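Here's the letter readout for the chains.
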Amino acid sequence: MNALLIANWKMHYGPIKAGGWVRAFRRERLPKDVDIAVAVPHVSLAAARASLGRASIPSLAAQDVFWDKDGSFTGEVSASMLDEFGVQYCLVGHSERRTYLNETSEMVAKKAAALQEAGIVPVICVGETAAEYKKKETNKILRQQTTAAIAKLNPDSKTAFVFAYEPIWAIGSGKPCPSQRAREAHEVIRGVIAKKMGETVAAKVRILYGGSVDSNNITEYITTTGIDGALVGGASLDPRVFGLLCRTAVPS
Ligand code: PGA
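Quick caveat: nothing in here was measured; it's all calculated off a predicted structure.

I'm lost on the site of the ligand in this one. Help?
As a structural note, the neighbourhood of the ligand is formed by 13 residues, with K10, H94, E166, G172 and S212 the closest of them. A distance of 2.7 Å separates an oxygen atom of the ligand from a polar atom in the side chain of E166. Note that an oxygen atom of the ligand is positioned 2.7 Å from one of the backbone N or O atoms of S212.

Below, the structure is given as C-alpha cells:
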C-alpha cells in the first residue's frame, strides 16, 4: 500500500495561481511508490487540470462536494461534476467546514457515499477539539465521527475510502500531535471500521495524519505504524516546500 500525501490548499489560489503551482510542482523531483494529490478550490479545478494535462502526478482532489446528483441546490457542486475534471479524491468533513459551516456527521456520511458512488475516493476528516483532547475524550469523539461517516458507505465498492485524523488543536498551530498519540487515534478509527465492515476492509483503508505536518516531522509520522500518509495544509502552499516534504517522506 503506497503512502498518500495530500496537499490541502484550503481557500488559497484561484485559477491564475493554481496553474502556476501545478507547473512548478511538476518540475520537482518526486519519489516513486507514493501517491500524491492536490486538493484545490472548486474554481481552480479547470486550471489545475489544464496545467496537468494527462499527467497523473499529482492527482487532482477537491475539498468538498454536495450529496445529491443534481437539482435545486444553489451554489453546490456534485460528485459527477468533479468527475468531469478527473478528480480522484475529495475531502469531506474537514473540521473547518464542520466548524464554520455547521457540517454534521450526517452530511459527511451522505457526501462520502455520493463520492464513492461516483468513483471518487472520499477522504473523511475526523478529529477532536482542544477541549475534548484535554478532557481525554478523543477516542469517544473518533468512535462517534467514524461510525457516523461510514454509515452509508458500501464495503464491497471498488472505490476505496480514506480517513484523515486531524486533531483540531494541531491544525495550523505549529503544535503537531505526538506521533504515538496519533498512532492510538488511528487504531481507534481502524478499530471502528473493522467492527462495522470487517478486518479485511479495515486493513486496506489508508488513514492519514494531518495537523502541522512539515518536512521536519513527516518522517516521524510516515514511519509510525498505522499512519499511511499525511494531509498537509500550510506546508503545501509552496510547491517546492511540498516537493521537499514528499521527497523526505519517501526517500528514493
Ligand atoms: P496544516 O493544515 O497542515 O496547516 O496544519 C492541515 C489541514 O487542515 O488539513
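Sorry, what's going on with the packing of aromatic side chains here?
Describing an aromatic ring pair means giving the distance of the ring centres and the angle of the ring planes. Within this structure, the stated rule accounts for eleven aromatic pairs. Each ring, one from W21 and one from F25, has its centre 4.9 Å from the other, and the planes form 20°; the classification is stacked. Within this pair, W21 and its partner F25 are both found in helix α1 (residues 15-26), separated by four residues, close to a single helical turn. By the burial criterion, W21 is buried, and F25 matches it. Between W21 and F242, the ring centres sit 6.3 Å apart and the planes meet at 40°, which makes this aromatic pair tilted. Of this pair, W21 sits in helix α1 while F242 is found in helix α11 (residues 239-249), placing the two residues 221 residues apart along the sequence. Overall, W21 belongs to the buried group, its relative accessible area being 3%. Look at F242 and you get buried, because its relative accessible area is 0%.

About the cut-offs
Residues numbered from 1 in each chain as written. Predicted model: local features only at pLDDT ≥ 70, side-chain atom pairs only at ≥ 80, totals over all residues. Heavy atoms only, no water. Near = heavy atom within 4 Å. Polar contact = N/O pair within 3.5 Å; in protein donor to acceptor, adjacent residues only side chain to side chain. Phe/Tyr/Trp six-rings, centres within 6.5 Å; stacked < 30°, edge-to-face > 60°. Helix = DSSP H or I, 4+ residues; strand = E, 2+ residues; numbered from the N terminus. Buried < 20%, exposed > 50% of the residue type's maximum accessible area, 1.4 Å probe, protein only.

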